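# Close look at the chain arrangement
Listed here are the chains, written in short residue letters.
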Amino acid sequence: MKIKVLKAVAALLFLLISPCLFAQQLEIKVFEEGTNVKVEHFLLKGFSKNEQKTFPNLINYSTFSQYDSVLVQAYGYNNTWIKYYTLSPEYLAANKDKNILLNVILKPLLTEVNEIVISAGKFEEKKKDVAHQITLIKQKDIEFMSQSNTGDVLQSSGTVLVQKSQLGGGSPIIRGFEANKVQIVIDGVRLNNAIFRGGHLQNVLRMDNNALERVEVIQGAGSVIYGSDALGGVMHFVTKSPKLADTGKVLFMAGANARYGTAANELTGSLNFNIGFKKIAFFTNLSYSQLGDLRQGSVGMNTDRESWKRNYYTTRLNGRDTMLVNSTPLTQLNSGYTQLDVLQKVIYKQSDRVQHGLNFQYSTTGDVPRYDRLMQTDSAQSAKVEANRFIRENATTNKYRYAEWYYGPEQRLMLAYTLSTKSSPIKLIDGGIGYKSSKITAAYQDITESRHSRRFNKNTRQDRTENVKVASINADFQTVKRKNEIRYGGEVIYNKVTSTAVDIDINTKAETTAFTRYPAGGSNMVYSALYASLNRELGKGWILNSGLRLNSVSLSASFNDTALTKFPFTEAKQNNIALNGNLGVVYNTPKGWRFSTLVSTGFRAPNVDDLGKVFDSSPNDSIVIVPNPNLKPEYTYNAEISIGKLLGSKASIEATAWYTLNKQAISTQPFSYNGNSTIVYDGVSSKVFANQNNTSAYLYGASVAAKWNFYKHLTFIGTANYTYGRLKTDSIPAPLDHIAPLFGRTAVNWKKEDIEVELFCLFNAAKKLKDFSLNGEDNYYGSTLSGMPAWYTINLRAAYKLSDFSMVQIAVENILDQNYRVFASGISAPGRNVVVTLRAWL
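What this report covers is the structure whose coordinates are included nearby. (Residues numbered from 1 in each chain as written. Predicted model: local features only at pLDDT ≥ 70, side-chain atom pairs only at ≥ 80, totals over all residues. Heavy atoms only, no water.)

Of regular secondary structure, the protein possesses ten helices and 55 strands. Going through the 842 residues of the protein one by one, you find that 56% of them count as buried. Residue pairs at least 24 apart in sequence account for 68% of intrachain contacts in the protein once pairs closer than 6 positions are excluded. A total accessible area of about 35,300 Å² is found for the protein, and carbon and sulfur atoms account for 58% of it. (Helix = DSSP H or I, 4+ residues; strand = E, 2+ residues; numbered from the N terminus. Buried < 20%, exposed > 50% of the residue type's maximum accessible area, 1.4 Å probe, protein only. Contact = heavy atoms within 4.5 Å. Areas by Shrake-Rupley, 256 points an atom, 1.4 Å probe, with all protein chains shown as cover.)

Have a look at this one:
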């Protein structure tokens, strides 16, 4: 009865003031509940007794009021209804000369079945229609995690394992592939370059997680869309974009956050602001992080892990390197670093169908200590002998091998221009709707990295510097007709590598020429490709995914310093062509079941790091890697199947099983250099190894992910991932490196209105020593006598919204102060870490 009276009063008042309102426009904005993140893509559907109509987000209020109710829909959110009498007549009359703004709040769905992803085909599509397994990490998740870097964001997701050789490192492992065998993309631009190495990479850390809007991780080969290197998967990072003003007023938004973490005395600050006009908008993000020496956990620190302690540290006294006792051996001295990140984006909306974008990114660090190298001792060479493995470093009998080993400032600069177009909807003859869209991106990158090392009590420091300049252009097109989504395009990417090296006497500053890491005469690579894909709705829930890509990769390297290196060749040239394809089928049933199967191929051409590197890969075992100009591409052949089920609106579960055959797999094996199996390198007699093609390797695994809203505001979330890999040999298959042990995450999340709390556990099974690759990148010497022990951490985090423009977050990570290392890592993980984050926005 009360509702009927309100409707009658509202209708009467509306009749009285309606002459003033016919020209009044109603603007509807949609935001996510709990985060206030703006939802950009939504539909408005008006319902009355006589008709149903779809509205734009800016409509005449009198038109809006003719409908009994309006449905607001957005992928990934629960529907909500609004009524024409939501706004009071008094408010309408007071604002009769202005456009009316109505904010609508949508609650996220428990599951992500209707989420939109862009990584699978470079254009928006429903996640449930894609055969690939995709992990989606949204902006609200990234902010709630409040991690110190992007590598930790991936690790905290429970679907990617991240190896660390130093605090300023983080190398993601996806389905048993790592480093240059997985691809990193940011805002549609490929970051993998000609010197991405096969060991461990820290490049994901050089992207600011404070500036990220979303992260999409494709599990499995992504070569059809992304080309060479996407053997194990693709990590697509999308940064925040400028927002245009919807009205005549300037849209100004600003945000800031400050974070402090106790484990490394971390201080991080970030500031962003948006200035938006009707046609042009600017977004700026600045972040600075300062991390001190990392403290590892104390619980579980036993004799097996004695070598993980930092009992001594190195300093320079009276012109000599000296080992001093560390009074706090759980503190990993000489591990801290700093980082600065700058993001500037501009968009210009030429029309409703054409938009231009500029994207400037810059990242730089201070010196980043290579902690695992600084911990190597004289006894490490005989560490395979059990009696010698854990001989503690000693100032007189067992010295550190290096007095200095650090990466110099790592600088990444990127400038990109993107032209985006979309045609008006076209009515087809049979009544269907079609449209066309395109994205053309031209980008330039300038990357500089350097390595600096000096042996203990040696006066000569070796400085190696690498610079890579990358120019690229990508053109991607999409045509949608009825039930067909056709995508096609191409790319050309040029890499130029310059490598220099000098030996510097730290006393006299005198310089002499030294071995360069890469060919001293310079190297270049050209990647080019054409691709096409088709997604087709077959009817009754069946969807076909298919695609083909033709790749061409050329490499040219000049070894002009043969007088110094005595290489038996002066140049290396390659031109590799490969055809990749995928074929997948998805079936979504009316009862919430989802079945998908996918077969795909991957391709990776040798880059400059594979073919032309000279490097002491394993000083512990005195191994030196030399160039191999006869290296060939490697290929993968993949098959996977996924089964998922929506259990009403409160639960979901999905399981995936997969198998990968890696043909001509590139790995590091014994080699002959000028007919010799050993050479003297950096003053040490070293065994010669080189990257070579093996017959094949095989990998298989499975993963499971589940969500369950089991009680009111309580939700359970869990993931688990298993991988097994072996290299085929003439006898017994050998362990393949980069194979992570069973790992995952479980969590219970409570969220209500302005507060969110999560109790979660990250876990890792043990990795037995017999499953380590001795010649690979598993860090045999950083493990214990039995291998890498199993571990788990209990963690608690909470966020409380203080007001409409501020929030405080508190977390206690590794509550039990467990001592552990992530598989293949050369630095121990943080001990108990109390983190406080303050956020504010306008």
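Picking up after the structure, the text goes on.
We now examine the packing of aromatic side chains. Tallied over the entire structure, the rule returns eleven aromatic pairs. Ring geometry for W708 and F710: centres 5.4 Å apart, planes at 50°, overall tilted. Plain terms: the ring middles of F772 and F823 are 5.8 Å apart, the flat faces sit at 80° to each other, and that makes the pair edge-to-face. Here F823 lies in the loop between β54 (806-813) and β55 (833-841) and F772 lies in the loop between β51 (767-768) and β52 (787-788), a separation of 51 residues in the sequence. Taken together, the ring pairs connect W542, Y587, W593 and F595 into an aromatic cluster. (Phe/Tyr/Trp six-rings, centres within 6.5 Å; stacked < 30°, edge-to-face > 60°.)

What follows concerns the sheet that holds strand β16 (residues 212-219). The five strands lie next to each other as β10-β16-β17-β14-β15, forming an open sheet whose pairing is mixed. Unpaired on one side and paired on the other, β10 (133-138) and β15 (189-190) mark the two borders of the sheet. (Pairing = 2+ DSSP bridges.)

Turning our attention to a negative patch on the surface. A cluster of like negative charges, contributed by E33, E753, D754 and D804, occupies part of the molecular surface. The residue E753 is located in the loop between β49 (743-752) and β50 (755-764) in this model. Take E753: its relative accessible area is 67%, and that puts it in the exposed class. (Patch = residues over 30% accessible without salt bridge, like charges linked within 9 Å, V, L, I, M, F, W, Y side chains within 5 Å. Salt bridge = Lys/Arg side-chain N within 4 Å of Asp/Glu carboxyl O. Lys, Arg positive; Asp, Glu negative; His and termini not counted. Charge placed at Lys NZ, Arg CZ, Asp CG, Glu CD.)

As a further point, take the environment of I186. Secondary-structure assignment places I186 in strand β14 (residues 183-186). Here the alpha-carbon distance between I186 and V215, two residues 29 residues apart in the chain, equals 9.3 Å. Discounting residues that sit within four places of it in the chain, I186 has contacts with L191, M207, F237, T239, Q361, R412 and M414.

Strand direction decides the pairing type here: strand β33 (residues 484-505) and strand β35 (residues 523-539), joined by 14 bridges, are antiparallel. Opposite G490, over in β35, you have L530 as the bridge partner. Hairpin connection of β35 to strand β36 (residues 542-558): two residues between the antiparallel strands, including K540 at a positive phi of 55°.

Moving on to the nonpolar core. In this structure, L154, I184, V215, M235 and F237 are the most contacted members of the largest nonpolar core, which totals 55 residues. Here this core takes four residues from strand β28 (residues 402-407), the largest share from any one element. Ranked by size, the runner-up nonpolar core spans 20 residues in total, among them I493, L555, F559 and A572. (Core = buried A, V, L, I, M, F, W, Y, C linked by side-chain atoms within 4.5 Å.)

Turning next to the pattern of salt bridges. Inspection of the entire model under this criterion finds 33 salt bridges. The salt bridge partner of E125 is R487, with a shortest N-O separation of 3.5 Å. Of this pair, E125 sits in strand β9 (residues 125-126) while R487 sits in strand β33; the two residues are 362 residues apart in sequence, bridging distant segments of the chain. Note that D229 is salt-bridged to R604, the shortest N-O span being 3.6 Å. Pair noted here: D229 is in the loop between α6 (223-226) and β17 (233-239) and R604 is in strand β38 (residues 593-604), with a separation of 375 residues, a long-range link. Taken individually, D229 and R604 each receive the classification buried, so the pair is uniform in this respect. One network of salt bridges, in which partners are shared, links K181, R190, D229, R604, D610 and E634.

Taken together, the side chains of V250, F252, F277, F282 and L842 make up a nonpolar region of the molecular surface, amounting to roughly 490 Å² of accessible area. You can see F252 is positioned in strand β18 (residues 251-261).

This paragraph deals with the pairing of strand β46 (residues 696-711). Successive side chains on a regular strand alternate, one facing one side of the sheet and the next facing the other. Relative to β46, strand β42 (residues 651-663) runs antiparallel, the two being bridged by 13 bridges. Along β46, the bridge assignment pairs S652 with K707. Bridging between β46 and strand β47 (residues 714-727) involves 13 bridges; their strand directions are antiparallel. Considered in β47, the bridge of W708 is made with F716. Taking the residues that link successive antiparallel strands as the turn, the β46-β47 hairpin has two residues, and the phi of K712 there is positive, at about 45°.

Okay, the side chain of Q202 next. Positionally, Q202 belongs in the loop between β15 and β16. Of the polar contacts made by the side chain of Q202, one reaches the side chain of E410; its length is 3.1 Å. Sequence-distant contacts of Q202, defined by excluding residues within four places in its chain, comprise Q166, G168, G169, G170, R197, Y407 and E410. (Polar contact = N/O pair within 3.5 Å; in protein donor to acceptor, adjacent residues only side chain to side chain.)

This next bit is on the environment of R454. Looking at the secondary structure, you find R454 in strand β31 (residues 433-455). Along the chain, R454 and I504 lie 50 residues apart, while their C-alpha atoms are 9.6 Å from each other. Aside from chain neighbours lying at most four places away, what touches R454 is R316, D321, Y402, A403, E404, N459, T460, R461 and I506. Polar side-chain contacts of R454 include one of 2.7 Å to the side chain of D321. Polar side-chain contacts of R454 include one of 2.6 Å to the side chain of E404.

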